[in-house]
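Coordinate inspection notes
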Number of protein chains: 4
Amino acid sequence: MSATTVNDKYNAILQAAIEIISEKGLYSTSISDIVKKAGVAQGTFYLYFRSKNALIPAIAQNLISITLEKSKEKTKDRANFMEFLQTFIDEIYNITDEYKDVIVLVYSGLAIDHSMEIWETIYKPYYEWFEDELKRAIGNGEIIGELNVGWTAKMIVNMVENAAERFFIGRDQDITREESQHEVFQFLKRSMAPAK
Amino acid sequence: MSATTVNDKYNAILQAAIEIISEKGLYSTSISDIVKKAGVAQGTFYLYFRSKNALIPAIAQNLISITLEKSKEKTKDRANFMEFLQTFIDEIYNITDEYKDVIVLVYSGLAIDHSMEIWETIYKPYYEWFEDELKRAIGNGEIIGELNVGWTAKMIVNMVENAAERFFIGRDQDITREESQHEVFQFLKRSMAPAK
Amino acid sequence: MSATTVNDKYNAILQAAIEIISEKGLYSTSISDIVKKAGVAQGTFYLYFRSKNALIPAIAQNLISITLEKSKEKTKDRANFMEFLQTFIDEIYNITDEYKDVIVLVYSGLAIDHSMEIWETIYKPYYEWFEDELKRAIGNGEIIGELNVGWTAKMIVNMVENAAERFFIGRDQDITREESQHEVFQFLKRSMAPAK
Amino acid sequence: MSATTVNDKYNAILQAAIEIISEKGLYSTSISDIVKKAGVAQGTFYLYFRSKNALIPAIAQNLISITLEKSKEKTKDRANFMEFLQTFIDEIYNITDEYKDVIVLVYSGLAIDHSMEIWETIYKPYYEWFEDELKRAIGNGEIIGELNVGWTAKMIVNMVENAAERFFIGRDQDITREESQHEVFQFLKRSMAPAK
DNA sequence: GATGAATGAGACTTCATTCAT
DNA sequence: AATGAATGAAGTCTCATTCAT
């Protein structure tokens, strides 16, 4: 028996769940649907998840890990903060487009469960990474120092994600993607760039 | 008087729904719970709402109407834009605190239904009101003119609501309410105030 | 709609339950079996009983009511206590034979539920009736007065039922029914008849 | 040593079963509960017992063995029958108090299985022991000879156990333990003692 | 003999919705 | 319009049992 057998079943269930719930919604997806797609028995589900709701934090975790990984990867070679920020915004728009269904499911899933608090936990490494970028930029004199970096990191991440969600999920039709990304960037830049 | 009776039942059901769903969540609340609290018969529900999901847009509408009304009321006597903005931020924090359960239910409810699009519809008058305020401020030279007012109105409303939600719902513990409001305000101000 | 509609469904379920559970046992009987036999919908069961276990006290009540009624009826014309006792014993043997399956289900059902205490409640009118007979017999000098009538009533009822159950359910093969009844009667008579 | 290991597992399972089933009832106890408490693997259960129901006769056997053993031990030095009987009654009350949960489970377990008949088999050595005591007492002229010893042995054992169960399990509140035991003893004595 | 992950049948129960009154 | 008993489909979850290691 390979050491990864356990993970195989767990992952099969998790991936099946993400696909089906993204498509049909949490409420309309039955555990029976999930196990059928995952190719495991009904009871096997309960060896890995206590209930249908217990899937949601796992899915959320998965989503944030992917987002963080991709964001880091795309931005790692940027020469200065404003370039970093522009690349970050672009990548968040990409990810939001690709994963919009998962994003919606994760929002609703956590809200349904009254477990919105765990957002902060899941986002923690993400916020910390962004905070570090802010600190470095402040150190370099690229952005002003008079802001609360912790709060600002959270705020920017949220603002960018929100703009992207409004564009791809809310279907804000008044503006193109380029314009939308441009407005976000300019708004942030104006607020953070040091006076010339 | 007959018309009043009808409205009474409708409102009794809507209010009961808001209270119970806020507390127990949409999924765990049955129509039986709602009608029991509303004091009407099981079948009566279907005279006013097609299904359980049909409640959600009504609840969302209700929430946004209250928010818009209160925001207008509180800000109506503000002398200039920065004062208006500060009052607006404060009031959104108030409302988020008071209605956090309803906010969560409305998020999850609309997501469940894959009807996130209707957010834009419901928010429309709210965004328009804020847009008008922005336009007036631009006209007065209180804020810079180089921003897309439509997009910026939406962005600010979202940003403020998000900050408030992060504070009251996400339970961000790193900061006091005053600091949080202050950061939002400063961030927006820096980005929009004309260079002296 | 007749006033007895409610009782009709309730009784249909109760009678169906008694028949099927007597035959197949509590554990092997599903609610689905019961409602099928009763001719009502699955959900209707839950309008009248909270769960499968909630049937048991109702069935027990039913059994004891029948037993008390038949015992009273059969013994009502007996001239003296010893004749009464003989007739009572005979009738208990009759009933035990006829209802042995129900008796077994009620024993096990209440034990399963850890609700043995309710026996005392259900038996109360039965014990009281027998107690009155004992008091009358004492008053008439037909039996000795030096016994605790409350306790003795319970003891005799239990002893007679036990003997009958041992005969019909335990399948004690060493003795005929007549001999068994005779032994019970003689034993009780010896213990209660006044010295000549 | 291998044989010892086998017995260890068997006994671990049996004792765990008795404890858990006594507490939660047969129906609510799963084999998973039992093996967890016994500290063996799920599959190991099936090396020793064919099914969950197969536990019950083993538990019943265990209970009766203990009862017989204790009864013999306590009564072995009694000088005459009436003293023996008094000691026996007292000891049955003791045992009933100590093992009431097991008694309830054994009742329900056997009834569930429609295997009430096996009572007679399990009780056989117990009844025989009591029968021998009766015969000896008749031989000594301590009790009357006109009774069917086989039937009477069964009847007395049942009557005493019933009284004790009514007291400890049925929670008959009308009487103290001493009074209850006294009534049993007097009732039996009156019926069996030779006329002076 | 011992293990325990995996199975999958099927039981219980809930609940949105209907409809006769 | 209002009622609420009745429906029955469908979902969740449990659990005895198996079997490859």
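Residues numbered from 1 in each chain as written. Chains lettered and ligands numbered in written order. Predicted model: local features only at pLDDT ≥ 70, side-chain atom pairs only at ≥ 80, totals over all residues. Heavy atoms only, no water.

By the naming in an unreviewed UniProt entry, chain A is TetR family transcriptional regulator, taken from Paenibacillus xanthanilyticus.

Some words on the side chain of T67(D)
All names here are of chain D. The condition is simple: Counting from the N terminus, the helices are the DSSP runs of H or I reaching at least four residues and the strands are the DSSP runs of E reaching at least two. Partly exposed describes any residue whose relative accessible area lies between the buried limit of under 20% and the exposed limit of over 50%, with all areas from a 1.4 Å probe on protein chains only and scaled to the type maximum. In this description, contact between two residues means that some pair of their heavy atoms is separated by no more than 4.5 Å.
Tracing the backbone through its elements, the reader meets T67 in helix α4 (residues 55-75). Classification of T67 as buried rests on a relative accessible area of 5%. Those residues in contact with T67, other than ones at most four positions away along the chain, are I92, I95 and Y126.

Re the relation of the copies chain A and chain B
The condition that has to hold: Copies overlap after least-squares fitting; the atoms used are the C-alpha atoms of residues with pLDDT of at least 70 in both.
When chain A is brought onto chain B, the operation consists of a screw motion whose angular component is 179° and whose axial shift is 0.1 Å, with 0.2 Å RMSD remaining. What the superposition gives is, in effect, a two-fold axis relating one chain to the other. Of all interface residues in chain A, 100% are interface residues in chain B too; the two copies therefore contact each other through one and the same surface.

As for the packing of helix α5 (residues 81-98) of chain A against helix α8 (residues 149-168) of chain A
Two numbers describe a pair of packed helices, the interaxial angle and the distance between the axes. Residue and element names in this part refer to chain A. The condition is simple: Angles here are taken between N-to-C directions and fall from 0 to 180 degrees, while the axes themselves are lines fitted to C-alpha atoms, restricted in helices to the stretch in contact. Every angle not falling under 35 degrees, over 145, or within 65 to 115 is termed oblique; those three ranges are roughly parallel, roughly antiparallel and roughly perpendicular. Here is the rule for handedness: rotate from the far helix to the near one, and if that takes an anticlockwise turn smaller than a right angle the crossing is left-handed, while a clockwise turn gives right-handed. Gly is put with the polar residues, along with every residue not named as nonpolar or charged; the nonpolar set is Ala, Val, Leu, Ile, Met, Phe, Trp, Tyr, Cys and Pro, and the charged set is Asp, Glu, Lys and Arg.
Packing of α5 against α8 brings their axes to within 9 Å, and their N-to-C directions diverge by 45°. Accordingly, the angle class assigned to the pair α5 and α8 is oblique. The way α5 lies across α8 gives a crossing that is right-handed. Contacts between α5 and α8 involve L85, F88, I89, I92, Y93, T96 and D97 from the former and I156, V157, V160, E161, A163, A164, E165, F167 and F168 from the latter. Split into classes, the residues belonging to the contact of α5 with α8 amount to twelve nonpolar, one polar and three charged.

Some details on the protein's contact with DNA strand F
Applied cut-off: By convention in this text, a residue qualifies as near a molecule or strand provided that one of its non-hydrogen atoms is within 4 Å of it. A 3.5 Å cut-off defines polar contacts: any pair of N or O atoms within that distance qualifies, except that in protein one atom must be a possible hydrogen donor and the other a possible acceptor, and neighbouring residues in sequence count only when both atoms are side-chain atoms.
Inspection of the region around DNA strand F gives 32 residues, with T44(B), Y48(B), T44(C), Y48(C) and Y46(D) positioned closest. A breakdown of the atoms of DNA strand F within 4 Å of the protein gives sugar and phosphate a share of 61%. Here Q42(A) contributes a side-chain N or O atom positioned 2.9 Å from a base nitrogen of DNA strand F. In the environment of DNA strand F, a phosphate oxygen lies 2.3 Å from a nitrogen or oxygen atom belonging to the side chain of T44(C). The set of elements that each furnish at least two residues to the surface near DNA strand F consists of α3 (42-48) of chain A, α1 (2-24) and α3 (45-48) of chain B together with α1 (5-24) and α3 (42-48) of chain C. Per-element tally for the surface near DNA strand F: the top contributor is α3(C), with five residues.

Some remarks on helix α5 (residues 81-98) of chain D
What sets the pattern is the α-helix's 3.6 residues per turn: residues three or four places apart point alike. All names here are of chain D. For the record, the criterion: Expected helix span is computed as 1.5 Å times (number of residues minus one).
For α5, with 18 residues, the first-to-last C-alpha span of 25 Å sits near the 26 Å given by 1.5 Å per residue. Looking at α5, one finds that the buried residues are F81, M82, F84, L85, T87, F88, I89, E91, I92, Y93, I95 and T96. One side-chain oxygen at the N-terminal end of α5 lies 3.2 Å from the backbone nitrogen of M82; it belongs to N80.

Overview of the UniProt feature "domain: HTH tetR-type" (unreviewed entry) in chain A
What counts is decided by this rule: UniProt positions are given in the numbering used here, feature names are shortened, and annotations may be inferred rather than shown by experiment.
When the UniProt feature table is mapped to this numbering, "domain: HTH tetR-type" (unreviewed entry) covers residues 7-67 of chain A. Annotation note: span residues 7-67 of chain A, helix share 75%, strand share 0%, distance between end C-alpha atoms 22 Å.

A closer look at the arrangement of the chains
No part of chain A reaches chain C; the closest C-alpha pair between them is 21 Å apart. At no point do chain B and chain C touch; the closest pair of C-alpha atoms across them sits 13 Å apart.

Focus: the UniProt feature "DNA-binding region" (unreviewed entry) in chain A
According to UniProt, the positions carrying the feature "DNA-binding region" (unreviewed entry) are residues 30-49 of chain A. End-to-end, the C-alpha atoms of residues 30-49 of chain A are 14 Å apart, and along that stretch the chain is 75% helix and 0% strand.

Some remarks on the packing of aromatic side chains
Stated formally: Here a Phe, Tyr or Trp ring, Trp counted by its six-membered ring, pairs with any other such ring whose centre lies within 6.5 Å, and the pair is stacked when the planes are under 30 degrees apart, edge-to-face when over 60, and tilted otherwise.
Applying the stated criterion across every chain yields a total of 74 aromatic pairs over all chains. Ring geometry for Y10(A) against Y48(A): centres 6.4 Å apart, planes inclined by 75°, an arrangement best described as edge-to-face. Taken together, the residues Y10(A) in helix α1 (residues 5-24) and Y48(A) in helix α3 connect sequence positions 38 residues apart. Taking relative accessible area as the criterion, Y48(A) reaches 25% and is therefore assigned partly exposed. When the ring of Y123(B) is compared with that of Y126(B), the centres are 5.7 Å apart and the planes differ by 15°; the resulting orientation is stacked. Taken together, the residues span about one helical turn, with Y123(B) and Y126(B) both in helix α7 (residues 118-139) at a distance of three residues. Y126(B) sits in the buried class, given a relative accessible area of 0%. Members of the aromatic cluster, joined through ring pairs, are F81(A), F84(A), F88(A), W119(A), Y123(A), Y126(A), Y127(A), W129(A) and F130(A).

Considering the protein's contact with DNA strand E
Around DNA strand E there are 31 residues in total, and T44(A), Y48(A), Y46(B), T44(D) and Y48(D) lie nearest to it. Backbone sugar and phosphate groups make up 62% of those atoms of DNA strand E lying within 4 Å of the protein. One nitrogen or oxygen atom from the main chain of G43(A) is found 3.1 Å from a base nitrogen belonging to DNA strand E. Separating a phosphate oxygen of DNA strand E from a side-chain N or O atom of Y48(D) is a distance of 2.6 Å.

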